[in-house]
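Per-entry structural report
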Amino acid sequence: MPELPEVETVRRGLAPAMEGRVIERAQVNRPDLRFPLPGRMAERLTGARILRLRRRSKYILADLSTGETLLVHLGMSGRMLISGVTIGGFHHEHPAPANHDHVILDMEGGARITFNDARRFGAMDLMDTASADTHWLLRDIGPEPLGNAFDEEYLVQRLKGRSMPVKAALLDQRLVAGLGNIYVCEVLNRARIDPRRKAGQISAARIAALVPIVRAVLAEAIEAGGSSLKDYRRADGELGYFQHSFRAYDRAGGKCRNDGCTGTIRRIVQSGRSTFYCPACQR
């Protein structure tokens, strides 16, 4: 499942082809993805100008001139791909239609945005822009980890007295937006905190120190174009490469990369998900 850096990378890739431009033609090829698509979706999108392309947690939001906002969630295999424009010195021609091209947006200026999703775990919806924050997929999401509301005092207070493992707490989207399994493993490894420890039993100083580490890991991942595992591609079709910088995730049996540590990364399972950590330095 793409996490915050992957979604932000896609948003940044789409912005030059979409922001400020009119959707000249929208084509919707099926009635549903993970959930039913909104009624008259193609009609409501055609002719609308995209005023702003933004991200909330793992969702891309396109604010339209019609007073509606298009919500996009990539799911496990969804891709938003650009064709018909020059990106990074290479011209991307429109590809032949593919079986899983579910929504196609032909933009003013010649770009085409194709939402392709083989597993159909992605989602799209249209909602009133003025009340977007109350949409059922967005209303309970916590603060953005790169925003001012996510600070040391906030995190210390939210984790105080919590009996759940710290990894599970950081994965809770109600606590902080956009973090997923990959980046929580990376953050806890850099912080040298055992992912199994109860959040409320970790000192306030160590919890506070997580905030700049979270921001650093996410910033580095965005700069690298995200982590390409299985289905993820950037909007230009290229791979991200932060996976080459992993210190913990997917490195079971590898040497811990923390300074002064001679331990070995171990894989365990927490709540059905793989956790990668170093038992020597993560306490």
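Keep in mind the model is a prediction, meaning the values are calculated, not measured.

Conventions we followed
Residues numbered from 1 in each chain as written. Predicted model: local features only at pLDDT ≥ 70, side-chain atom pairs only at ≥ 80, totals over all residues. Heavy atoms only, no water. Buried < 20%, exposed > 50% of the residue type's maximum accessible area, 1.4 Å probe, protein only. Helix = DSSP H or I, 4+ residues; strand = E, 2+ residues; numbered from the N terminus. Pairing = 2+ DSSP bridges. Axes fitted to C-alpha atoms, helices over the stretch in contact; angles between N-to-C directions. Contact = heavy atoms within 4.5 Å. Parallel < 35°, antiparallel > 145°, perpendicular 65-115°, else oblique. Left-handed = near helix turned anticlockwise from the far one by under 90°. Nonpolar A, V, L, I, M, F, W, Y, C, P; charged D, E, K, R; others polar.

On a regular strand, one side chain projects to one face of the sheet and the next to the other, so that they alternate. The buried fraction of strand β9 (residues 112-116) amounts to 4 of the 5 residues, a majority that puts the element mostly inside the structure. By the bridge criterion, 5 bridges tie strand β5 (residues 79-83) to β9 in an arrangement that is antiparallel. Bridge pairing in β9 places Met 80 opposite Phe 115. Note: strand β8 (residues 101-107) against β9, 5 bridges, orientation antiparallel. Across the sheet, residue Val 103 finds its bridge partner in β9, namely Phe 115.

Here we come to the sheet that holds β9. Within the open sheet, the 4 strands sit side by side as β1-β8-β9-β5. Their pairing is antiparallel. Each end of this open sheet is capped by a strand with a single partner; those strands are β1 (23-28) and β5. Across the sheet, the mean angle from the axis of one strand to that of its neighbour is 15°, orientation sign disregarded. Where helix α1 (residues 4-18) meets the sheet, its contacts fall on β5, β8 and β9, and the angle it forms with β5 comes to roughly 40°.

Turning our eyes to something else, we now look at the packing of α1 against helix α6 (residues 204-223). Between α1 and α6, whose axes approach to 9 Å, the crossing angle comes to 40°. Here α1 lies oblique to α6, going by the angle between them. Pair α1 / α6 crosses with right-handed handedness. Contact residues: Leu 4, Pro 5, Glu 8, Thr 9 and Arg 12 in α1; Leu 218, Ala 221 and Ile 222 in α6. Looking at the contact of α1 with α6 residue by residue, the classes come out as 5 nonpolar, 1 polar and 2 charged.

Any link to function would need more than the numbers given here.
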